[in-house]
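The primary structure of each chain is shown beneath.
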Amino acid sequence: MSLWFTHPLFLPSLIILVTIVLWATALLPEFLTALLFFTAAMIARIAPPEVIFGGFASSAFWLVFSGFVLGVAIRKTGLADRAARALSAKLTDSWVLMVASVVLLSYALAFVMPSNMGRIALLMPIVAAMARRAGIADGSRAWFGLALAVGFGTFQLSATILPANVPNLVMSGAAEGSYGIHLNYVPYLLLHTPVLGILKGLILIGLICWLFPGAPKPAQDLAPSEPMGRDEKRLAWLLAVVLVMWVTESWHGIGPAWVGLAASLVVLLPRVGFISGEEFSTGVNMRTCIYVAGILGLAITVTQTGIGRAVGEALLQVMPLDADNPFTSFLALTGITTALNFIMTANGVPALYTTLAQSFSDATGFPLLSVIMIQVLGYSTPLLPYQASPIVVAMGLGKVPARAGMLLCLALAIATYLVLLPLDYLWFRILGQL
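Conventions we followed
- Residues numbered from 1 in each chain as written.
- Predicted model: local features only at pLDDT ≥ 70, side-chain atom pairs only at ≥ 80, totals over all residues.
- Heavy atoms only, no water.
- Helix = DSSP H or I, 4+ residues; strand = E, 2+ residues; numbered from the N terminus.
- Rg over C-alpha atoms; globule rule 2.2 N^0.38 Å.
- Buried < 20%, exposed > 50% of the residue type's maximum accessible area, 1.4 Å probe, protein only.
- Contact = heavy atoms within 4.5 Å.
- Lys, Arg positive; Asp, Glu negative; His and termini not counted.
- Charge placed at Lys NZ, Arg CZ, Asp CG, Glu CD.
- Salt bridge = Lys/Arg side-chain N within 4 Å of Asp/Glu carboxyl O.
- Phe/Tyr/Trp six-rings, centres within 6.5 Å; stacked < 30°, edge-to-face > 60°.
- Core = buried A, V, L, I, M, F, W, Y, C linked by side-chain atoms within 4.5 Å.
- Polar contact = N/O pair within 3.5 Å; in protein donor to acceptor, adjacent residues only side chain to side chain.
- Patch = residues over 30% accessible without salt bridge, like charges linked within 9 Å, V, L, I, M, F, W, Y side chains within 5 Å.
- Areas by Shrake-Rupley, 256 points an atom, 1.4 Å probe, with all protein chains shown as cover.
- Expected span 1.5 Å × (residues − 1).
- Arc of directions from axis to C-beta.
- Axes fitted to C-alpha atoms, helices over the stretch in contact; angles between N-to-C directions.
- Parallel < 35°, antiparallel > 145°, perpendicular 65-115°, else oblique.
- Left-handed = near helix turned anticlockwise from the far one by under 90°.
- Nonpolar A, V, L, I, M, F, W, Y, C, P; charged D, E, K, R; others polar.

*Asks:* How do you make sense of the overall build of the protein chain when you look at a structure like this?
*Replies:* Scanning the protein chain from N- to C-terminus turns up 23 helices and zero strands. Its C-alpha atoms give the protein chain a radius of gyration of 22 Å, within 12% of the compact-globule value 22 Å for 434 residues. Taken over 434 residues, the protein chain has a buried fraction of 53%. Of the contacts made within the protein chain by residues no fewer than 6 positions apart, 79% connect residues no fewer than 24 positions apart. Positive and negative side-chain charges in the protein chain, numbering 21 and 18 respectively, have mean positions lying 10 Å apart.

Have a look at this one:
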């Protein structure tokens, strides 16, 4: 037993395990657990400060921050209400139609915007205004359902579009760096969209309508909107520039986070911007920002301390990977991804899993590219909200309680593994990938 206590990974593993348990059980507020992780990790010196606090240097953190700032401006100037007026006139006739429209809009936007956080920042104020016009009160179960539709539709469904979320990009970079494999947009879309995009989207809509029932009221005020005011026009032009910069990132090389941060500075500037210091302090949810930084910092720490690799190699030894039983191997590889998701979160899983893919390929007899592709189902299906920071951000913006997010996470994961996993395996077989 004393060997366990003297093992160099014992203390880091203990701190990370306690952090994960606290996030999973919501015994403490999420931001407080993040602060406890920072404190314990620094006191115990399990990693250098730049690793432990690496989440604050991550582009994902600054996308979250800028998303909050832009969201405040969109609401204040009236742009959110204007967009909601246009949508609510046609999309609030029934609860199923309303939920389906939010999920579809979240998914469709992923084809033109590369950032999960950016899409959530734009959509949440619009969806909130649409909900108010349909008579759905803040804090109601129906509102929780709409907010989760934005978060889950944005993160889970966008995994089927190669450049649309961070884990996909991490996987693509790791595959190219480790094996010289370049992932192509259209084959990737064809492999994942039918099952993990379309069918999963339909299941998500059904689960939200069932777990978070609502009864939207037809919009009463159908009078034409007033002409856009000066601030609305200026902010609309600013957002148009931001959107163009996000879509054309591959041309100019400026990341979405830094485009969003620059736009946030414009929004905050005295006499030029749109929101005051008081509105900034009340509208920007620093609790969620700290929580996201904690999630990202934990994932970086797991990688840098070697915990992730140790867990991955241990899973390789115990999982039933057998070339004679392809479905069992497919199931086992998905299980490995799911297990890694608990300690590395979705952004970190592809970095480790992809580097181990050759060993998985040798054990299963699957082509290397197929082994790399199998992980998408696992990391895009979190069992708990903390495993996917975009879902956390959507919950923060919508003030959704942890229990509601966990309920939908678990329900969608069960449906995915019982229904979609066998269909995904069959689709891989039909396309000749296994």
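*Asks:* What should I look at first to understand the pattern of salt bridges in this one?
*Replies:* Oppositely charged side chains can pair when the atoms bearing their charge come close. Applying the stated criterion across every chain, the model contains two salt bridges. One salt bridge connects Lys76 with Glu279, and the closest N-O pair in it is separated by 3.0 Å. Of this pair, Lys76 sits in helix H6 (residues 59–77) while Glu279 sits in helix H16 (residues 277–283), and the two are 203 residues apart along the sequence. According to the relative accessible area criterion, Lys76 is partly exposed, its value standing at 46%. Where Asp231 meets Arg234, a salt bridge forms, and the shortest distance between an N and an O atom there is 3.1 Å. With a gap of three residues between them, Asp231 and Arg234 both fall in helix H13 (residues 230–247), about one helical turn apart. You can call Arg234 partly exposed: its relative accessible area is 26%.

*Asks:* Would you explain the packing of aromatic side chains in this entry?
*Replies:* Note on aromatic pairs: each is described by the distance of the centres and the angle between the planes. The final tally for this structure, using the stated rule, is ten aromatic pairs. Ring geometry for Trp62 and Phe65: centres 5.6 Å apart, planes at 75°, overall edge-to-face. Separated by three residues within a single helix, Trp62 and Phe65 lie in helix H6, roughly one turn from each other. Residue Phe65 is classed as buried on the basis of its relative accessible area of 13%. Between Phe327 and Tyr425 the ring centres are 5.1 Å apart and the planes differ by 75°, which places this aromatic pair in the edge-to-face class. Note that Phe327 is positioned in helix H19 (residues 326–355) and Tyr425 in helix H23 (residues 402–430), a separation of 98 residues in sequence. Here the aromatic cluster, defined as three or more aromatic residues joined through ring pairs, consists of Phe37, Phe38, Phe53 and Phe56.

*Asks:* What's the story with the environment of Phe68 in this structure? I'm lost.
*Replies:* Residue position: Phe68 is located in helix H6. Between the C-alpha atom of Phe68 and that of Ile161, which follows or precedes it by 93 residues, the distance is 25 Å. In this view, Phe68 contacts Gly283, Val284, Asn285, Thr288, Cys289 and Leu397; residues no more than four positions away in its chain are not counted.

*Asks:* I keep staring at the nonpolar core and nothing clicks. Help me out?
*Replies:* Soluble globular proteins tend to bury their nonpolar side chains together. Trp143, Leu146, Leu235, Val267, Leu333, Tyr353 and Leu408 are the most contacted members of the largest nonpolar core, which has 139 residues in total. If sequence neighbours within four positions are ignored, Tyr353 has contacts with Leu333, Ile336, Thr337, Leu340, Phe360, Val371, Ile372, Ile374 and Gln375.

*Asks:* Is there a simple way to think about the side chain of Thr301 in this case?
*Replies:* By secondary structure assignment, the location of Thr301 is in helix H17 (residues 286–305). Overall, the relative accessible area of 0% leaves Thr301 in the buried class. Engagement of the side chain of Thr301 in a polar contact is seen with the backbone oxygen of Gly297, the distance being 2.8 Å. Among all residues touching Thr301, those that are not within four sequence positions of it are Ile16, Phe37, Ile46, Ala47, Val51 and Ile52.

*Asks:* I tried to follow the environment of Arg119 on my own but got confused; where do I start?
*Replies:* By secondary structure assignment, the location of Arg119 is in helix H9 (residues 116–133). You can call Arg119 buried: its relative accessible area is 0%. Between the alpha carbons of Arg119 and Thr248 there is a distance of 15 Å; along the sequence they are 129 residues apart.

*Asks:* Looking at this structure, how should I read helix H21 (residues 368–379)?
*Replies:* Residues spaced three or four apart along an α-helix point in a common direction, a consequence of the helix completing one turn every 3.6 residues. The buried count for H21 comes to eleven of twelve residues, which makes it a mostly enclosed element. The complete set of buried residues in H21 reads Leu368, Ser370, Val371, Ile372, Met373, Ile374, Gln375, Val376, Leu377, Gly378 and Tyr379.

*Asks:* Please clarify how a nonpolar patch on the surface should be interpreted in this entry.
*Replies:* Together, Leu190, Ile198, Leu199, Leu202, Leu410, Ile414, Leu418, Val419, Leu423, Leu426, Ile430 and Leu431 make up an exposed nonpolar region whose accessible area comes to about 1,100 Å². For the nonpolar patch, the elements supplying multiple residues, two or more each, are helix H12 (185–211) and H23. For the nonpolar patch, the element with the highest residue contribution is H23, accounting for seven residues. In this fold, Ile198 is placed in helix H12.

*Asks:* I would appreciate a short explanation of helix H18 (residues 307–318) in the present structure.
*Replies:* Taking 1.5 Å of rise per residue, the twelve residues of H18 would be expected to cover 16 Å, and the 17 Å separating its terminal C-alpha atoms lies within 8% of that figure. If you check which residues of H18 are buried, you get Ile307, Gly308, Gly312 and Leu315. For H18, the angular spread of buried residues about the axis comes to 130°, placing them on one side. Structurally, H18 contributes buried residues whose contacts are with helix H2 (10–25), H17 and H19.

*Asks:* I'm lost on the packing of H19 against H23 in this one. Help?
*Replies:* In contact at an axis separation of 11 Å, H19 and H23 are set at 120° when each is read in the N-to-C sense. Here H19 lies oblique to H23, going by the angle between them. Where H19 crosses over H23, the two elements pack in a sense that is right-handed. Residues Pro326, Phe327, Phe330, Leu331, Thr334 and Thr338 of H19 form the contact with H23, whose participating residues are Tyr417, Leu421, Pro422, Asp424, Tyr425, Phe428 and Arg429. Of the residues assigned to the contact of H19 with H23, the class counts are nine nonpolar, two polar and two charged.

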